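So the chains spell out like this:
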Amino acid sequence: MASRAGPTTSALFLLCCVGSWLTSHTLPALGPAERGKIFKELRSLSKMLLENVKEEKGVPMSQSYTLPCLIPDAQPPNHINISAIRTYLQTIRQLRDNVTLGEIIEHLDKLRFQDASKTNISVPAGTLENKRFILTILTQFSECMELASKPSNSEAQRAG
């Protein structure tokens, strides 16, 4: 007797495939030690990247650009706006590709939440304004990583 493959069989097959795919593509929850290591590495990479950008003399910072480092009303360790930072750095990478930027984005991917919202960025026109944008955002990113790599009060109390 021949067996028929009806819609139920197809649905089960699809469900199994999608379930496996979702399992392999969801990020594991990182513990405080792993997050701390990633933020420490990000702090180091951000300083190195900023030093490379600062080598160009005569490019002033701009008050027109702001990197949204913190998420309002969020508690540490989830108060850093990883999604927005990643979007800004991807924009900078389009203007000035760099191996260090690629490494930073990979580290940010480890920290990013699946359901993070997209940030819209308007890229400045002109070479000087692009350089000002890059310098300003990377300076703010470096400051943000300094903040992120410091243990929060609750973590310090647990460790002490």
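These figures come from a predicted structure and were not determined experimentally.

Peer 1: I'd love a proper account of the overall build of the chain, names of residues and values included.
Peer 2: Of regular secondary structure, the chain possesses six helices and zero strands. Starting at the N terminus and ending at the C terminus, the chain contains elements arranged as α-α-α-α-α-α. Counting the 160 residues in the chain, one finds 32% classified as buried. Long-range pairs, those at least 24 residues apart, make up 77% of the contacts in the chain with a sequence separation of at least 6. Element-wise, carbon and sulfur atoms account for 55% of the exposed surface of the chain, whose accessible area totals about 10600 Å².

Peer 1: Please give an account of empty space enclosed by the protein that cites residues and values.
Peer 2: Applying the stated criterion to the full structure yields one cavity of 30 Å³ or more. Residue lining of the largest cavity: Val53, Glu56, Val59, Arg96, Lys131, Ile134 and Leu135, and that is the complete set. Ranked by residue count, the leading element in the lining of the largest cavity is helix H5 (residues 127–149), at three residues. Looking at side-chain class alone, the lining of the largest cavity contains four nonpolar, no polar and three charged residues.

Peer 1: Explain the packing of helix H2 (residues 32–54) against H5 to me, using residue names and the numbers behind them.
Peer 2: Here H2 crosses H5 at 155°, and the two axes come no closer than 9 Å. With respect to each other, H2 and H5 are oriented roughly antiparallel. Crossing angle aside, the handedness with which H2 passes H5 is left-handed. Residues Phe39, Leu42, Arg43, Ser46, Lys47, Leu49, Leu50, Val53 and Lys54 of H2 form the contact with H5, whose own contacting residues are Ile134, Leu135, Leu138, Thr139, Phe141, Ser142, Met145, Glu146, Ala148 and Ser149.

Peer 1: Run through the environment of Phe39, naming residues and quoting values.
Peer 2: The residue Phe39 is located in helix H2 in this model. On a C-alpha basis, the gap between Phe39 and Leu111 in space is 9.2 Å, while along the polypeptide they are 72 residues apart. In contact with Phe39, other than residues within four places in its own chain, are Ile80, Ile82, Leu111, Met145, Ala148 and Ser149.

How each quantity is defined
- Residues numbered from 1 in each chain as written.
- Predicted model: local features only at pLDDT ≥ 70, side-chain atom pairs only at ≥ 80, totals over all residues.
- Heavy atoms only, no water.
- Helix = DSSP H or I, 4+ residues; strand = E, 2+ residues; numbered from the N terminus.
- Buried < 20%, exposed > 50% of the residue type's maximum accessible area, 1.4 Å probe, protein only.
- Contact = heavy atoms within 4.5 Å.
- Areas by Shrake-Rupley, 256 points an atom, 1.4 Å probe, with all protein chains shown as cover.
- 1 Å grid on protein atoms, 1.4 Å probe; cavity = no way out; pocket = protein on both sides within 12 Å on 5 of 7 lines; lining within 4 Å.
- Points joined across faces, edges and corners; volume = space filled by probe spheres on them.
- Nonpolar A, V, L, I, M, F, W, Y, C, P; charged D, E, K, R; others polar.
- Axes fitted to C-alpha atoms, helices over the stretch in contact; angles between N-to-C directions.
- Parallel < 35°, antiparallel > 145°, perpendicular 65-115°, else oblique.
- Left-handed = near helix turned anticlockwise from the far one by under 90°.

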